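Each chain is listed here by its residues.
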Amino acid sequence: MGEKGTKDKTGEESSKEIRINRFLADCGLGSRRKVEELILSGKVKVNGAVEKNLSTKIRVGSDIVQVGNKKLVPPTESVFLALNKPKGFLCSHSDRFHSNTVFELLPKKYGKLFIAGRLDLDSRGLLLLSDQGNLVQEITHPSEGSEKEYEVILEEELDAKEVKDRFTKGFMDEGEFLKAEKVVSLTKGEESSKFRVILKQGRKRQIRRMFSILGGRVIDLQRIRIGKLSLEKLKIGEGKFVLLDPKVWRP
């Protein structure tokens, strides 16, 4: 999807055009799928007229877009960054029991960003953060289907086939159904202590709980990928971050 600006008589770029669903999502009305439902149901007006065409482009700063009687104003700036979280840092803005939070690794101006997909204190790897709550929702919500990939090291070896079969079929734990999309042993042989696990769910401490049920204790857990963004491609050192264009996630 292309974005372009319109020029005034001086030749200066006065506004940009983006598709209506992207505009609504940027205004915090939910994922693209949800805002498309709003559009098709006739709840969106552009310059006073109901607009149901999903291909319509909005001239930001010029067109007046409303849902109900509320005029929508998109954020003027957006921040999207990737952080390689080390062990021992809490995914929280503050905690009286832990002085080290992931925000200690970032400049103070990023202290209020939303975290997309938290990692527990003892886990490490890729975190995505943004000031756009709707973007964070898209990344983390299971209905959006974004994969999270992890490399796991156990204290002991487990039967690799059993791990794969049980994880991909799924099972109940503490009233929750836990399931992995894919499991690969990273060593040869019938038993292994190193696995790569891909999830679409985001249950609390999910991988640790799943291995624990099979008798395995996780001693290292690293998230290496979220969707199409990976630590390998981003080349971020541990404890470091890089600013990203939100379009790399949602073009």
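Just so you know, these numbers come straight off a predicted model, no measurement behind them.

Here we take up the packing of aromatic side chains. Scanning the entire structure with this criterion turns up four aromatic pairs. When the ring of Y110 is compared with that of F241, the centres are 6.1 Å apart and the planes differ by 80°; the resulting orientation is edge-to-face. Remark: F241 occurs in strand β18 (residues 241-243) and Y110 occurs in the loop between β8 (80-85) and β9 (114-116); sequence separation between them is 131 residues. On the accessibility criterion, F241 (28% relative accessible area) is partly exposed.

Bringing the sheet that holds strand β3 (residues 44-46) into the picture now. Overall, antiparallel pairing links the four strands, which are arranged β4-β3-β6-β7 in an open sheet. Every other strand in the sheet has two partners, leaving β4 (49-50) and β7 (70-71) as the edge strands with one partner each. Taken together, the two bridges between β3 and β4 define a ladder with antiparallel strand orientation. Residue K45 lies in a different strand from β4, and its bridge partner there is V50.

This next bit is on the environment of K169. Locating K169 in the fold gives a position in helix α4 (residues 160-169). In this structure the C-alpha to C-alpha distance between K169 and L54, which are 115 residues apart in sequence, comes to 38 Å. Once residues lying within four places of it in the same chain are set aside, the contact partners of K169 are F177 and K179.

With that out of the way, let us pick up the side chain of T56. Its place among the elements puts T56 in the loop between β4 and β5 (57-59). A distance of 3.2 Å separates polar atoms of two side chains, one belonging to T56 and the other to E51. Apart from the residues lying within four places of it in its own chain, the contact partners of T56 are I18, R19, I20 and E51.

Okay, the pattern of salt bridges next. For the coordinates displayed, the defined rule picks out 17 salt bridges. A salt bridge links R209 to D173; its shortest N-O distance comes to 2.9 Å. Here D173 lies in strand β12 (residues 171-173) and R209 lies in helix α5 (residues 206-213), a separation of 36 residues in the sequence. Judged by its relative accessible area of 13%, R209 is buried.

Here we take up the confidence of the model for the protein. Put simply, the protein has an average pLDDT of 87, and 90% of its residues get 70 or more. In the predicted structure, residues 1-14 sits below a pLDDT of 50 and forms 26 contacts with residues beyond four places in sequence or in another chain.

Our focus in this paragraph is the pairing of strand β15 (residues 191-199). In this sheet, β15 lies alongside strand β11 (residues 148-159) in antiparallel orientation, the contact comprising eight bridges. In the strand pairing of β15, V152 is matched with F195. In this sheet, β15 lies alongside strand β14 (residues 182-185) in antiparallel orientation, the contact comprising four bridges. Residue pairing for β15: K182 is matched across the bridge by I198. Following β14, the chain reverses through five residues before pairing antiparallel with β15; G189 in that reversal takes a positive phi of roughly 105°.

A positive phi is found at E174, a non-glycine position, where the angle reads about 55°. Within the fold, E174 resides in the loop between β12 and β13 (176-178). Overall, the relative accessible area of 68% leaves E174 in the exposed class. At K235, a position not held by glycine, the phi torsion is positive, near 55°. Structurally, the position occupied by K235 is in the loop between α6 (231-234) and β18.

Conventions we followed
Residues numbered from 1 in each chain as written. Predicted model: local features only at pLDDT ≥ 70, side-chain atom pairs only at ≥ 80, totals over all residues. Heavy atoms only, no water. Phe/Tyr/Trp six-rings, centres within 6.5 Å; stacked < 30°, edge-to-face > 60°. Helix = DSSP H or I, 4+ residues; strand = E, 2+ residues; numbered from the N terminus. Buried < 20%, exposed > 50% of the residue type's maximum accessible area, 1.4 Å probe, protein only. Pairing = 2+ DSSP bridges. Contact = heavy atoms within 4.5 Å. Polar contact = N/O pair within 3.5 Å; in protein donor to acceptor, adjacent residues only side chain to side chain. Salt bridge = Lys/Arg side-chain N within 4 Å of Asp/Glu carboxyl O. pLDDT = per-residue confidence, 0-100.

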